[in-house]
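Residue strings, one per chain:
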Amino acid sequence: MSAPAPANEDGSPEKPTQGGFRTMPFILANEICDRFATAGFNANLITYLTQQLHLPLVEASNLLTNFNGTAAFTPVLGAIVADSFAGRFWTIAGGGALYLLGMLGLVVSALAPALRPAPCAAAAATPPCQRASGGQLAMLYLPLLLTALGGGGIRPCVVAFGADQFGRRRERRPGGEQKWSYFNLYFFSMGLAVLLALTVVVYIQENVGWGWGFGIPAIAMFLSVLSFVAGYSLYVKVKPEGSPFKRLLQVVVAAFRKRKEDVPEDAGLLYHNKELDAPIAADGRLLHTEQLRLLDRAAVLTPGDVSDSGEPDLWRVSTVHRVEELKSIVRMLPLWAASITLIAAASHNFTFAIQQARTMDRHLTRGFQVPPATMIIFTPLTTLATLALYDRAFVPLARRYTGRRAGITYFQRMGAGFAVSVLGVMAGALVETRRRGVAARNGLLDDKPGAAAVPMSVFWLVPQYALHGVSDALSTVGHMEFLYDQSPESMRSSAAALFWVAGSLGNYLGTVLVTVVQSASGGVWLQDNINRGRLDYYYWLVTFLLVLNLVYYIACFHFYTLKTFEVDGGDEAQRPRDGGGEQAGGDRQAELPCHGKVAASGNGVAAVSDGEKHMTSDQLY
């Protein structure tokens, strides 16, 4: 049975004038302003916490990583809201409004003298600097919580919402492969926004004041919401089909109820219902796979599972498609988890690396110094350059050898990013060893950071920032492509939420790592005075963890199996694409139970049986 005609989330039929690149100015303007606002206050927040609120370095670092972890976890809530009932458009719009309220709260916190401690110069002699009180910190936490909740509505939806403008079934005409270029365009635009924030906003925060430093991002957030809502009539707005988490839970409950049932060898005897699955399977129904066969019990038909009218009790029986949705998510998790350690390693770029920069010679001219947080600019700069070279130079070259329109698979792209991240942290360890040595030779080990600059150019930090930028361009974009492509189509907002959950867990892992190192080293490695600490030891430890993570990723990739689904044979829009991955291990014979034997190669599988096509996800676009 063919899927129903595409409809917007309000039930109205989609129009030919909706979707496509005409929507990109509105969507990207929204996300550029959002990312500009986020980077504008987040990049230099460690300075605000230590210089304005007078928190110790380790406490401020942990507060920041915990906030980033919370902000990265809230997209799970946003995904549930979007996929269950609100739809992506209204979830993004509502999240933007909530984010704006949080930003306004930060402006008030920075402007009101009663909401921050007195400057060190005006404080009593003992103690020399009065740290923020519990009430003052609470007035900071509330706006931060609002921004975290608002970001939870935006981030899981905006990438999938943008891809919806190209990726619906009816959109797969010649040129539809532009969806995968959209991912590169999306992250390129985000890099531009971060670049602008790290130059303009950070300079204003350091040299003009924190009121304007937070106020400009707040204005950008207002423009973000306004620009997004302005494009309402042009968007393809995919109708939500109910909570995907509820469907997954139904599969688990049904499988548990039938844990003593035998699974038939012939998958054709399992429960199929094309009409029931049509609203959540516009790309095609997922085909049965042999992995995780214990979940197949949910699709075993027993008396009482289906009423006389043909209505199934979904808490007792699930279709093969719904079982395979859960299998797809479970198969993705090991590869998804590999990015957690990568994010934990990168979290120190916004904390310890900024403190490194604060101790070094930052003069561009005799009268101008580079703000410490502005050094992060070399990460988005390199990301932008890498994305441009990747899309315009590397992909056409690689295409000649691989035959893939995307050049290489997103699995290979992610793996390359993981490898480069190892080099990035290693560079940081080498530079920190040299910086500390220069400080020791000049008798600066006991000087307060920033009191006297270590006679070593701050631009020695560029390699570690640049390598992290290359890693981001490879691993981050590849990770998003992987989650979007391999997730069930009805769960793509939820899959995008997984991307941010990895960020959440990565930041929490960074906090745990810092806390453990602080405790195990007796406070020697990580000190407020990093000239006396051994930050280089910490970097070497992180380098070792990233090497282990790379080995883990390669092992997970080797055993990964792509999702496979069927589409109507008469749908001309279904044609091979190569933006996705390939099954590890070279050419293989794929088994599609009840649909015959299908030839499989590294470029995907395809077969025709009974007027239908059966494809891996890396072949359909």
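Not measured: the values here are computed from a predicted model. (Residues numbered from 1 in each chain as written. Predicted model: local features only at pLDDT ≥ 70, side-chain atom pairs only at ≥ 80, totals over all residues. Heavy atoms only, no water.)

### Topic: the overall build of the protein chain
As a reminder, the rule being used: Elements are defined by DSSP. Helices are runs of H or I of four residues or more, strands are runs of E of two residues or more, and each kind is numbered from the N terminus. By the convention used here, residues are in contact when the closest approach between their heavy atoms is within 4.5 Å. Accessibility throughout is a Shrake-Rupley quantity obtained with a 1.4 Å probe, and a residue counts as covered only by protein chains that appear here.
Summing up its helical and strand segments, the protein chain has 16 helices and 10 strands in all. In the protein chain, of all internal contacts separated by at least 6 residues, the share reaching a separation of at least 24 is 83%. Of the roughly 24400 Å² that the protein chain leaves accessible, carbon and sulfur atoms contribute 64%.

### Re the side chain of Thr91
Quick reminder of the rule: A 3.5 Å cut-off defines polar contacts: any pair of N or O atoms within that distance qualifies, except that in protein one atom must be a possible hydrogen donor and the other a possible acceptor, and neighbouring residues in sequence count only when both atoms are side-chain atoms.
Along the chain, Thr91 falls in helix 4 (residues 75-111). For Thr91, the side chain forms a polar contact with the main-chain oxygen of Gly87, separated by 2.7 Å. Sequence-distant contacts of Thr91, defined by excluding residues within four places in its chain, comprise Gly78, Val81, Ala82, Ala86, Gly153 and Cys157.

### So, the environment of Ile204
Positionally, Ile204 belongs in helix 6 (residues 178-207). Counting along the chain gives 167 residues from Ile204 to Pro371, while the straight-line C-alpha distance between them is 9.8 Å. Among residues more than four places away in sequence, those in contact with Ile204 are Gly209, Trp212, Gly213 and Ile216.

### Considering helix 2 (residues 45-52)
The test is simple: Relative accessible area decides the class of each residue, using a 1.4 Å probe on protein chains only: under 20% of the type maximum gives buried, over 50% gives exposed, and in between gives partly exposed.
In terms of burial, helix 2 is a largely internal element, six of the eight residues being buried. Among all positions of helix 2, only Leu45, Ile46, Thr47, Tyr48, Leu49 and Thr50 are buried. Positive phi shows up at His54, right after helix 2, with a value of about 60°.

### Comments concerning the pairing of strand 5 (residues 454-457)
Test applied: Pairing between two strands requires that DSSP report at least two bridges joining them.
Only one face of strand 5 is covered, namely the one carrying Val454 and Met456; the face carrying Pro455 and Ser457 has none of its residues buried. Two elements, strand 2 (residues 360-361) and strand 5, share two bridges in a ladder whose sense is parallel. Residue pairing in the sheet places Met360 in a bridge with Val454 of strand 5.

### A short note on the packing of aromatic side chains
Where we set the bar: Note on aromatic pairs: the rings of Phe, Tyr and Trp (six-membered ring only in Trp) are paired at centre separations within 6.5 Å, and the planes decide the class, stacked below 30 degrees, edge-to-face beyond 60, tilted for the rest. Distance and angle both matter: a charge sits over a ring if NZ of Lys or CZ of Arg is within 6 Å of the ring centre and within 35 degrees of the ring normal.
This structure, assessed with the given rule, holds 24 aromatic pairs. Seen from their ring centres, Phe352 and Tyr538 are 5.6 Å apart, and the 75° between their planes marks the pair as edge-to-face. Separated by 186 residues along the polypeptide, Phe352 in helix 11 (residues 352-359) and Tyr538 in helix 16 (residues 535-559) bring together distant segments of the chain. Given the relative accessible area of 1%, Tyr538 is considered buried. In textbook terms, an aromatic cluster arises when at least three aromatic residues are bridged by ring pairs, as seen for Phe89, Trp90, Phe161, Phe228, Tyr232 and Tyr235. Positioned above the aromatic ring of Tyr390 is the side chain of Arg413, whose terminal nitrogen or guanidinium carbon lies 3.8 Å from the ring centre.

### Quick word on the pattern of salt bridges
Once their charged atoms are close, side chains differing in charge can pair, the charge on each being opposite to the other. Keep this limit in mind: One speaks of a salt bridge when a side-chain nitrogen belonging to Lys or Arg is within 4 Å of a carboxyl oxygen belonging to Asp or Glu.
A full pass over the atoms with the stated rule returns 10 salt bridges. Ionic pairing is found between Arg322 and Asp277, a salt bridge with its closest N-O pair at 3.1 Å. Of the two residues, Arg322 is situated in helix 10 (residues 320-346) and Asp277 in helix 9 (residues 274-277); the sequence distance between them amounts to 45 residues. As far as the burial class goes, Arg322 and Asp277 line up, both buried. One salt bridge connects Glu290 with Arg293, and the closest N-O pair in it is separated by 3.0 Å. A relative accessible area of 36% means that Glu290 is categorised as partly exposed. Residue classification places Arg293 among the partly exposed positions, given a relative accessible area of 26%. In this structure, a network of salt bridges that share partners links the residues Lys258, Asp305 and Arg316.

### Some remarks on helix 14 (residues 462-486)
We apply this condition: An expected span of 1.5 Å times one less than the residue number is assigned to each helix.
Over its 25 residues, helix 14 runs 35 Å from end to end, which matches the ideal 36 Å to within 8%, given 1.5 Å per residue. Burial within helix 14 is extensive, with 20 of its 25 residues counted as buried.

### Here we look at the nonpolar core
Cut-off, in case you're wondering: Put simply, a nonpolar core is a bunch of buried Ala, Val, Leu, Ile, Met, Phe, Trp, Tyr and Cys residues held in one set by side-chain atoms that sit within 4.5 Å of each other.
In this structure, Phe482 and Tyr538 are the most contacted members of the largest nonpolar core, which totals 141 residues. If one sorts the elements of this core by residue count, helix 4 sits on top with 12 residues. Those residues in contact with Phe482, other than ones at most four positions away along the chain, are Met332, Leu335, Trp336, Tyr410, Phe411, Met414, Ser487 and Tyr560. Counting residues in each nonpolar core, the second largest holds six residues, with Tyr390, Val395, Ala398 and Ile408 among its members.

### Some words on the environment of Glu324
Along the chain, Glu324 falls in helix 10. Under the relative-accessibility criterion, Glu324 is labelled buried at 1%. Put simply, Glu324 and Phe565 are 241 residues apart on the chain and 9.7 Å apart in space, counted from C-alpha to C-alpha.

### Concerning the packing of helix 2 against helix 3 (residues 57-73)
Quick note on the threshold: In this analysis, axes come from line fits to C-alpha atoms, helices being fitted only over the stretch in contact, and the angle between any two N-to-C directions falls in the range 0 to 180 degrees. Oblique is the label for any angle not covered by the other classes, which are roughly parallel (under 35 degrees), roughly antiparallel (over 145) and roughly perpendicular (65 to 115). Here a crossing is taken to be left-handed if its near helix is turned anticlockwise relative to the far helix by less than a right angle, and right-handed if that turn runs clockwise.
Contact geometry of helix 2 with helix 3 gives a least axis separation of 10 Å together with a crossing angle of 140°. As far as their axial angle goes, helix 3 and helix 2 are oblique. When the axes of helix 2 and helix 3 are compared, the crossing they make is right-handed. Only Leu57, Ala60, Ser61, Leu63 and Leu64 of helix 3 make contact with helix 2, whose side of the interface consists of Leu45, Ile46, Leu49 and Thr50.

### As for the packing of helix 8 (residues 244-257) against helix 10
Note the following rule: Classification convention: Asp, Glu, Lys, Arg as charged; Ala, Val, Leu, Ile, Met, Phe, Trp, Tyr, Cys, Pro as nonpolar; all other residues, Gly among them, as polar.
With their axes 9 Å apart at the nearest point, helix 8 and helix 10 run at an angle of 100° to one another. Taken together, the axes of helix 8 and helix 10 are roughly perpendicular relative to one another. Side by side, helix 8 and helix 10 meet where Arg247, Leu248, Gln250, Val251 and Val252 of the first sit next to Arg322, Val323, Glu325 and Leu326 of the second. Here the residues of the contact of helix 8 with helix 10 sort into five nonpolar, one polar and three charged.

### Some points on a nonpolar patch on the surface
What counts here: Patches here are clusters of residues that have more than 30% relative accessible area and form no salt bridge, with a 9 Å joining cutoff for like charges and a 5 Å cutoff for nonpolar side chains (Val, Leu, Ile, Met, Phe, Trp, Tyr).
A contiguous nonpolar patch, built from Val208, Trp212, Ile219, Phe222, Leu223 and Leu226 and spanning about 640 Å² of accessible area, is present on the exposed surface. You can see Val208 is positioned in the loop between helix 6 and helix 7 (210-230). For Val208, a relative accessible area of 58% gives the class exposed.

### So, the confidence of the model for the protein chain
Using the following cut-off: The score called pLDDT rates the predictor's confidence residue by residue, from a low of 0 to a high of 100.
Residues with a pLDDT of 70 or more make up 82% of the protein chain, whose mean pLDDT is 76. Mean pLDDT in the protein chain bottoms out at strand 8 (residues 597-601), which sits at 30, and peaks at helix 16, which reaches 91. In the predicted structure, residues 168-178 sits below a pLDDT of 50 and forms 36 contacts with residues beyond four places in sequence or in another chain. Ignoring residues within four places in sequence, the model shows residues 569-621, a span with pLDDT below 50, making 153 contacts including any to other chains.

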